[in-house]
Amino acid sequence: MEKPRQSWAGLWNMSFGFFGIQIGFALQNANMSRIFQSLGESLDNLTALWVAAPLTGLLVQPIIGHYSDRTWGPLGRRRPYFLGGALCAGTALVVMPQVPALWFAAMMLWVLDASLNVSMEPFRAFVGDILGKDQHTAGYAIQTAFIGAGAVVGSVFPFVLDHFGVANTGGAHGIPDTVRYSFWFGGVALVAGVLWTVVTTKEYSPDQMRAFEGERDEAGAATLRQLATRSPATAIVWIIAGMGSAMLVKTFDLKKEIYLLGGIMAAYGIASITAIRLARAGRDNNLLSHIVGDFSSMPDVMTRLALVQFYSWSALFIMWIYTTPVVAQYSFGSADPLSASYNQAGNWVGILFAVYNGVAALAALFVLPPLARAIGRVRTHAVCLLCGAAGYASFLVIRDPQLLLLAEVGIGIAWASVLAMPYAILASSLPQHKLGIYMGLFNIFIVVPQLLVATVMGSVLKAFFPTAPIWTMAVAAAVMTIAGLSMLRVREPAA
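Keep in mind that this is a model prediction, so the values were computed, not measured.

1. Some words on the overall build of the protein
Next, step 1: Looking only at helices and strands, one finds 20 helices and 0 strands in the protein.
Next, step 2: Here the C-alpha atoms of the protein give a radius of gyration of 22 Å, agreeing with the 23 Å that 2.2 N^0.38 yields for 495 residues.
Next, step 3: The C-alpha extent of the protein, read off along each of the three principal axes, is 65 × 55 × 45 Å.
Next, step 4: A burial count over the protein gives 60% of its 495 residues as buried.

2. Some points on the side chain of Ser-334
Next, step 1: With respect to the secondary-structure elements, Ser-334 resides in the loop between helix H13 (300-330) and helix H14 (340-366).
Next, step 2: The exposure class of Ser-334 is buried, given its relative accessible area of 10%.
Next, step 3: For Ser-334, the residues in contact, after removing those within four places along its chain, are Ala-328, Gln-329, Ser-339, Ser-341 and Tyr-342.

3. Some remarks on the packing of aromatic side chains
Next, step 1: The full count for this structure, using the stated rule, is 25 aromatic pairs.
Next, step 2: A centroid spacing of 5.3 Å and a plane angle of 45 degrees characterise the contact between Phe-18 and Phe-123, whose relative ring orientation is tilted. Of the two residues, Phe-18 sits in helix H1 (residues 8-38) while Phe-123 sits in helix H5 (residues 102-130), which places them 105 residues apart along the sequence.
Next, step 3: Its relative accessible area of 0% is what places Phe-18 among the buried residues.
Next, step 4: Classification of Phe-123 by relative accessible area gives buried; the value is 0%.
Next, step 5: Directly above the aromatic system of Tyr-423 lies the positively charged group of Arg-124, at a separation of 4.0 Å from the ring centroid.

4. Topic: the side chain of Asn-168
Next, step 1: Tracing the backbone through its elements, the reader meets Asn-168 in the loop between helix H6 (136-163) and helix H7 (177-200).
Next, step 2: A distance of 3.1 Å separates polar atoms of two side chains, one belonging to Asn-168 and the other to Asn-347.
Next, step 3: Excluding anything up to four places from it in sequence, Asn-168 contacts Arg-34, Asp-162, Pro-176, Thr-178, Asn-343, Gln-344 and Asn-347.

5. A few points about the nonpolar core
Looking at soluble globular proteins, one finds that nonpolar side chains tend to be buried together.
Next, step 1: The biggest cluster of nonpolar side chains holds 129 residues, and the ones touching the most others in it are Leu-316, Trp-320, Tyr-392, Phe-395 and Trp-415.
Next, step 2: In terms of residue count, the dominant contributor to this core is H13 (17 residues).
Next, step 3: Leaving out residues up to four positions away in the same chain, Phe-395 has contacts with Val-326, Val-327, Leu-404, Ala-407, Glu-408, Ile-411, Ile-470 and Met-473.
Next, step 4: Ala-275, Ile-276, Ala-279 and Val-292 belong to the second largest nonpolar core, which has 7 residues in total.

6. Section: the confidence of the model for the protein
Next, step 1: Residue-level pLDDT values for the protein average 85, and 92% of them are 70 or greater.
Next, step 2: Ranking the elements of the protein by mean pLDDT puts helix H2 (residues 46-50) last, at 65, and helix H16 (residues 377-394) first, at 96.

7. Here's the deal with the environment of Val-153
Next, step 1: Within the secondary structure, Val-153 sits in helix H6.
Next, step 2: A relative accessible area of 24% means that Val-153 is categorised as partly exposed.
Next, step 3: Each C-alpha atom of the pair Val-153 and Ser-7 lies 26 Å from the other, and the pair is 146 residues apart in sequence.

8. Describing the packing of H5 against H6
Next, step 1: Where H5 meets H6, the closest approach of the two axes is 9 Å, and the angle between their N-to-C directions is 145 degrees. For the element pair H5 and H6, the recorded crossing hand is right-handed. Two secondary-structure elements touch here, H5 through Phe-123, Arg-124, Val-127 and Gly-128 and H6 through His-136, Gly-139, Tyr-140, Gln-143 and Ile-147.
Next, step 2: Across the contact of H5 with H6, the residue classes break down as 4 nonpolar, 4 polar and 1 charged.

9. Quick look at a nonpolar patch on the surface
Next, step 1: There is a patch of nonpolar side chains on the surface, built from Trp-8, Leu-362, Leu-365, Phe-366 and Val-367 and spanning about 570 Å² of accessible area.
Next, step 2: In terms of residues, the nonpolar patch owes the most to one element, H14, which gives 3 residues.
Next, step 3: Structurally, the position occupied by Leu-362 is in helix H14.

10. Some points on H13
Next, step 1: In this model, H13 (31 residues) spans 43 Å end to end at C-alpha, consistent with the 45 Å of a helix rising 1.5 Å per residue.
Next, step 2: In the structure, H13 departs most strongly from a straight axis at Tyr-322, where the bend amounts to approximately 55 degrees and where the proline Pro-325 lies between one and four residues downstream.
Next, step 3: Of all 31 residues in H13, 23 are buried, a share of seventy percent or more.

11. A few points about the environment of Val-199
Next, step 1: Within the secondary structure, Val-199 sits in helix H7.
Next, step 2: Residue Val-199 is classed as exposed on the basis of its relative accessible area of 66%.
Next, step 3: The spacing of Val-199 and Ile-23 is 176 residues in sequence and 20 Å in space, taken between C-alpha atoms.

12. Focus on the packing of helix H12 (residues 287-296) against helix H18 (residues 435-442)
Next, step 1: With their axes 10 Å apart at the nearest point, H12 and H18 run at an angle of 70 degrees to one another. Put simply, H12 runs roughly perpendicular to H18. Counted together, Ile-291, Asp-294 and Phe-295 of H12 and Ile-437, Tyr-438 and Leu-441 of H18 form the full contact between these two elements.
Next, step 2: In the contact of H12 with H18, the residues fall into 5 nonpolar, no polar and 1 charged.

Rules of the game
Residues numbered from 1 in each chain as written. Predicted model: local features only at pLDDT ≥ 70, side-chain atom pairs only at ≥ 80, totals over all residues. Heavy atoms only, no water. Helix = DSSP H or I, 4+ residues; strand = E, 2+ residues; numbered from the N terminus. Rg over C-alpha atoms; globule rule 2.2 N^0.38 Å. Buried < 20%, exposed > 50% of the residue type's maximum accessible area, 1.4 Å probe, protein only. Contact = heavy atoms within 4.5 Å. Phe/Tyr/Trp six-rings, centres within 6.5 Å; stacked < 30°, edge-to-face > 60°. Lys NZ or Arg CZ within 6 Å of the ring centre and 35° of its normal. Polar contact = N/O pair within 3.5 Å; in protein donor to acceptor, adjacent residues only side chain to side chain. Core = buried A, V, L, I, M, F, W, Y, C linked by side-chain atoms within 4.5 Å. pLDDT = per-residue confidence, 0-100. Axes fitted to C-alpha atoms, helices over the stretch in contact; angles between N-to-C directions. Left-handed = near helix turned anticlockwise from the far one by under 90°. Nonpolar A, V, L, I, M, F, W, Y, C, P; charged D, E, K, R; others polar. Patch = residues over 30% accessible without salt bridge, like charges linked within 9 Å, V, L, I, M, F, W, Y side chains within 5 Å. Areas by Shrake-Rupley, 256 points an atom, 1.4 Å probe, with all protein chains shown as cover. Salt bridge = Lys/Arg side-chain N within 4 Å of Asp/Glu carboxyl O. Expected span 1.5 Å × (residues − 1). Bend = angle between axes of the 7 residues up to and from the residue. Parallel < 35°, antiparallel > 145°, perpendicular 65-115°, else oblique.

See the structure below:
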């Protein structure tokens with residue numbers, strides 16, 4: 001059986017929840033460095049505090065993907081996760097701007113990001129569940145348009161409040177009222193957007209999904225049998241690499257956050273050994289073996305796309321952390337987070353982020369679909385990533401804050417493609433009954449580069465350009481260029 005084609009109203013409803021989720025993400029991305037610095041944190045320690053966000057995604061997304069493939073209840077398969085995550089994230093957004101201390105802000109960032117990940121991850125699989133392959137590009141393009149629109153609203157809100165006279169300096173614990181009111185608005189908007197999708201959409205039942213997919217093969221059992229035959233040698237290498245990373249911290253006096261990176265590598269090695277033993281013992285109904293087995297036997301297209309994701313999200317995370325201090329220092333002439341100029345720069349960064357998200361929304365609707373039909377999804381993604389690299393590189397020469405809007409055009413085109421093309425390619429190439437777990441595992445390659453940036457970039461900044469954060473944008477441009485070139489190794493999926 002073929003899945004029925006969805007109307008534009010159906011495409012709209014199934015992705016509208018992402019509008020609310022992205023308002024929350026945009027407020028987090030554009031304002032958390034500002035909140036941390038307002039509470040007294042220094043520039044070179046920002047990455048350590050941002051570690052909470054990617055680490056949470058690393059832990060949460062594969063687990064949610066695994067269980068959402070196996071969930072069915074009154075709300076369906078994916079919708080319980082949308083709603084539960086949205087309620088928790090909305091609460092965290094309301095609490096965040098009232099935090100009394102830096103440690104509390106870091107803890108709330110952890111809660112916020114975990115909740116946003118619980119809501120977000122099943123949305124990717126949800127589109128693949130509902131749509132046939134011929135609508136995957138359109139479905140993810142609509143989802144990207146809502147992501148861009150939500151990010152515009154979240155990014156621009158502090159600027160708009162400032163324009164209408166709301167205090168943009170001081171406030172409770174040094175956090176401006178513009179930021180506080182924006183976070184409260186974001187919490188309400190997030191819950192309302194997700195509720196719209198929950199109420200207006202209907203998921204296919206397990207029997208219907210089996211009819212659409214045909215008879216399932218024994219891929220799950222085969223994956224576990226393959227895991228049982230694996231040697232633990234690779235896992236031991238991961239453990240040794242993790243221990244070696246820890247030794248480098250002492251040897252070269254690197255930032256202590258690299259201990260976390262080493263710990264993750266060692267933890268993966270230990271988890272792999274445990275999963276192999278469980279598979280050999282015939283204990284096939286456990287979360288760990290399924291996740292490790294699926295990760296180690298990813299389809300070839302997913303492996304190649306994972307490398308592209310690694311590079312492109314490394315560049316994006318550099319941008320989210322360092323755009324505010326870069327714009328403040330080089331375009332507004334202030335590195336003091338308590339100064340009026342710095343806070344003006346913070347509001348302008350919200351406008352810059354709104355522009356690239358607005359460009360992304362328009363590109364998703366009017367550029368990506370026709371370009372993908374003309375040259376294919378693979379080449380479309382490569383071209384868009386190179387546009388993003390040009391946008392990052394322009395920060396090295398542009399000092400006028402108004403002209404920085406031109407840089408955001410290239411970044412917006414890349415952002416649209418990052419949010420749409422890889423998922424459209426995957427949804428057309430992966431087994432549908434494992435779409436949740438594979439989407440969750442694919443997002444590891446969004447999370448790992450963020451962890452790498454969060455643990456390594458601070459050391460690089462401190463060692464080579466402690467007072468010149470502009471060079472972080474040069475790194476972002478180089479990494480995004482590598483992402484675009486790596487995309488050429490990916491095969492175009494069959495129509």
